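Residue strings, one per chain:
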Amino acid sequence: MSDRLAVLKTYKLYVGGKFPRSESGRTYRVQDSNVAKASRKDARDAVLAARAAVKGWAGTTAYNRGQVLYRIAEMLEGRRDEFIALGSTPAEVDAAVDRWVWYAGWTDKIAQVVGGANPVAGPYFNLSAPEPTGIVAVVAPSSPLLGLVSVIAPAIATGNTVIVLASEESPLAAVTLGEVMATSDVPGGVVNILTGSVAEVAPWLASHLDVNALDLTGVTDPALAVDLEIAAAQNLKRVLRPSTPDWAAEPGTARMTTFLETKTVWHPKGS
């Protein structure tokens, strides 16, 4: 009989394509595992990483973004058993894989749906085209995997970068999804995942002047949600309020268009 001790895993943060420990060194216990507890400094580091990635990710072609999202689906399916072991049902993992594929297909089509040529009374072309908002800070829902994918995928499909504050109750799937990202051609900084206390970290993301939008889907405390909206108003962030969607339903385009800006260009007709 072997007396070898297993190597215990500590679930770290995912920031800038790397897996740092919290700068504070703090952890908390979830399902007999140690999980990093993010601090204000970790939130600032995530914003820096997300901002550094904005230009490259927004500037890549929509077709290439779709390829990256499809690669995430491939890698997630390859780790199906691991997510099941962490508490997701087989059906949920399959639905999460399908959701990545669904959004991958939308990357080069959403512009045709929400953009277009506008009729004007004059010798001009008037064209509207969607552009990413920038950095989206997301408070993830408690749904361990499908809800998590359903808030990340639409934001990055449209060229935004994201900072995800994982659910306090089910952070293991979030960090493991970060491991999937790290092996899926996702540029460092496009997706950043923080674990820890929502009440502690979310206010710093909401008030950060270099964060452009806020998705409060996973906030369950009404008073905290109000405080976060007030903080977000400092630089007129777009805010998606708390909700409890049916994650199994077809997602539609609303989450993609929420974090898109419309740029309108005029150009004279003729030579």
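Residues numbered from 1 in each chain as written. Predicted model: local features only at pLDDT ≥ 70, side-chain atom pairs only at ≥ 80, totals over all residues. Heavy atoms only, no water.

## Describing helix α6 (residues 146-157)
Part 1: With 12 residues, α6 ought to run about 16 Å at 1.5 Å a step, and its terminal C-alpha atoms sit 16 Å apart, in line with that.
Part 2: The buried fraction of α6 is high, at 12 of 12 residues.
Part 3: Immediately downstream of α6, the backbone of G159 shows phi near 95°, a positive value. (Helix = DSSP H or I, 4+ residues; strand = E, 2+ residues; numbered from the N terminus. Expected span 1.5 Å × (residues − 1). Buried < 20%, exposed > 50% of the residue type's maximum accessible area, 1.4 Å probe, protein only.)

## Quick notes on the nonpolar core
Part 1: Core analysis: the biggest nonpolar cluster contains 47 residues, and W100, I152, I156, L177 and M181 have the highest contact counts within it.
Part 2: For this core, the secondary-structure elements that each account for two or more residues are α1 (40-59), α2 (62-78), α4 (90-106), β6 (135-139), α6, β7 (161-165), α7 (172-182) and β8 (191-194).
Part 3: In terms of residue count, α6 provides more of this core than any other element does, 9 residues in total.
Part 4: Residue contacts for I156: discarding those within four places in its chain leaves W57, R65, L69, I72, W100, V162, V190 and V191. (Core = buried A, V, L, I, M, F, W, Y, C linked by side-chain atoms within 4.5 Å. Contact = heavy atoms within 4.5 Å.)

## Here we look at the sheet that holds strand β4 (residues 116-117)
Part 1: Judged by pairing direction, the sheet is antiparallel, and its 3 strands sit side by side in the order β4-β5-β11 without closing on themselves. The open sheet has two edge strands, β4 and β11 (260-268), and neither has a second partner.
Part 2: With 9 bridges connecting them, strand β5 (residues 124-132) and β11 associate as antiparallel partners. Each bridged residue has a counterpart across the sheet, and for P132 the counterpart in β11 is L260. (Pairing = 2+ DSSP bridges.)

## Focus on the environment of A104
Part 1: Along the polypeptide, A104 turns up in helix α4.
Part 2: Considered as a pair, A104 and F259 are 155 residues apart in the sequence and their alpha carbons are 17 Å apart.
Part 3: Residues in contact with A104, not counting those within four places in the same chain, are G66, L69 and Y70.

## A look at the sheet that holds β8
Part 1: Read from one edge of the open sheet, 5 strands run β8-β7-β6-β9-β10, paired in parallel fashion. Taken across any chain shown, the strands that pair with only one partner, and hence form the sheet edges, are β8 and β10 (238-240). Across the sheet, the axes of successive neighbouring strands diverge by a mean angle of 15°, strand direction being ignored. (Axes fitted to C-alpha atoms, helices over the stretch in contact; angles between N-to-C directions.)

## Notes on a nonpolar patch on the surface
Part 1: A contiguous nonpolar surface patch, about 310 Å² in accessible area, is contributed by V120, Y124 and W266.
Part 2: Assignment of secondary structure puts Y124 in strand β5. (Patch = residues over 30% accessible without salt bridge, like charges linked within 9 Å, V, L, I, M, F, W, Y side chains within 5 Å. Areas by Shrake-Rupley, 256 points an atom, 1.4 Å probe, with all protein chains shown as cover. Salt bridge = Lys/Arg side-chain N within 4 Å of Asp/Glu carboxyl O.)

## Some thoughts on the packing of α2 against α4
Part 1: Running from N to C, α2 and α4 cross one another at 170°; their axes reach a closest spacing of 8 Å. Between α2 and α4, the crossing angle belongs to the class labelled roughly antiparallel. Two secondary-structure elements touch here, α2 through G66, L69, Y70, I72, A73, L76 and E77 and α4 through A96, V97, W100, V101, Y103 and A104.
Part 2: The residue inventory of the contact of α2 with α4, partitioned by class, reads 11 nonpolar, 1 polar and 1 charged. (Parallel < 35°, antiparallel > 145°, perpendicular 65-115°, else oblique. Nonpolar A, V, L, I, M, F, W, Y, C, P; charged D, E, K, R; others polar.)

## Quick word on the packing of aromatic side chains
Part 1: By the definition in use, this model includes 4 aromatic pairs.
Part 2: Consider the rings of Y14 and F19, whose centres lie 4.9 Å apart with planes at 35°: the pair is tilted.
Part 3: Ring geometry for W102 versus Y103: centroids 5.0 Å apart, planes at 90°, classification edge-to-face.
Part 4: By relative accessible area, which is 0% here, Y103 ends up buried.
Part 5: Every member of this aromatic cluster is reached through a ring pair, and the members are W102, Y103 and W106.
Part 6: In this arrangement the basic side chain of R40 is found over the ring face of W204, its NZ or CZ atom lying 3.8 Å from the centre.
Part 7: For K269, the ring lying beneath its charged end belongs to F125, and the centroid distance is 5.7 Å. (Phe/Tyr/Trp six-rings, centres within 6.5 Å; stacked < 30°, edge-to-face > 60°. Lys NZ or Arg CZ within 6 Å of the ring centre and 35° of its normal.)

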